[in-house]
Amino acid sequence: MFDYYQLTVPVYNRALNQLAHLLDKAAEFAADKKISDETMLGLRLAPDMFNLTKQVQIVCDNAKFCVARLSGVAAPIHEDDEKTFADLQRRIVATQEFIESVSEHDFKDAAGKTITLSFLPDHPMSADFYLLSFVQPNFYFHLTTAYAILRSNGVDIGKQDYMGQV
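What you are looking at is a predicted structure, and each value in this text was computed from that prediction instead of being measured.

A. Local environment of helix α4 (residues 85–101). With 17 residues, α4 extends 24 Å between its outermost C-alpha atoms, agreeing within 8% with the 24 Å of an ideal straight helix rising 1.5 Å per residue. Within α4, the full set of buried residues consists of Phe85, Asp87, Leu88, Gln89, Arg91, Ile92, Thr95, Gln96, Phe98 and Ile99. Those residues of α4 that are buried are in contact with α1 (4–33), α2 (37–41) and α3 (52–71).

The following block contains the structure:
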């Protein structure tokens, strides 16, 4: 049987490692092609979608806020002011440091929690629904979108870069 810790901290940590890897490859691509970080980080799949920077910020926020809400440990505040690949890498590291600082014991009461989000005040969610039907799909949507932005703009990445070693 899985517990909330196992379904969050190691899963998000692994995915964040892969996101950092994707950004490393994107930074190399940008340097080789003489494309600015600003241009690369402003890329998006469609005009009405968030750009690469925002996709990375949302992936990080999903991980940290999910862990925080389920464990009861306060999440750090990030200013959403990243302008370079290096800034985004620091954001990923800061997110990983936070989620790794939360212990398995901190999740002991997670199953009984009701999560109410400030932007959905009339839709309280059980911990199970919040994790499995709200956060996980949202987390992977934005992670996949970041991958797709890079891939569709010529960065030499494939499924193994997204998934990592199996």
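That was the structure; now back to the text.
B. Representation of the packing of aromatic side chains within the structure. Enumeration according to the criterion identifies 6 aromatic pairs in this entry. Both rings, one in Phe119 and one in Phe134, keep their centres 6.4 Å apart while their planes meet at 35°; by these two values the pair is tilted. Taken together, the residues Phe119 in the loop between β1 (114–115) and β2 (125–126) and Phe134 in helix α5 (residues 127–152) connect sequence positions 15 residues apart. With relative accessibility at 23%, the residue Phe134 sits in the partly exposed group. Aromatic pair Tyr147 and Tyr162: ring centres 5.7 Å apart, planes at 70°, arrangement edge-to-face. Pair noted here: Tyr147 is in helix α5 and Tyr162 is in helix α6 (residues 159–163), with a separation of 15 residues, a long-range link. Joined through ring pairs, the aromatic side chains of Tyr12, Phe139 and Tyr140 make up one cluster.

Rules used in this analysis
- Starting from 1, residues in each chain are numbered consecutively following that chain's sequence as written.
- It should be noted that, the model being predicted, local features are given only for residues of pLDDT at least 70 and side-chain atom pairs only at 80 or more, the latter also being counted only at that level, while totals for whole chains, interfaces and linings use all residues.
- Note: side-chain values were computed over all heavy atoms of the structure, leaving out hydrogens and water.
- Note on conventions: DSSP H or I runs of at least 4 residues are helices, E runs of at least 2 residues are strands, and numbering of each starts at the N terminus.
- The span expected for a helix works out to 1.5 Å for each residue beyond the first.
- When accessible area is computed with a 1.4 Å probe and restricted to protein chains, residues below 20% of their type maximum are described as buried, those above 50% as exposed, and intermediate ones as partly exposed.
- Should any heavy atoms of two residues lie within 4.5 Å, those residues are considered in contact.
- Stacked, edge-to-face and tilted are the three classes for Phe, Tyr and Trp ring pairs, Trp counted by its six-membered ring, which pair at centre distances within 6.5 Å; planes under 30 degrees apart are stacked, over 60 edge-to-face, the rest tilted.

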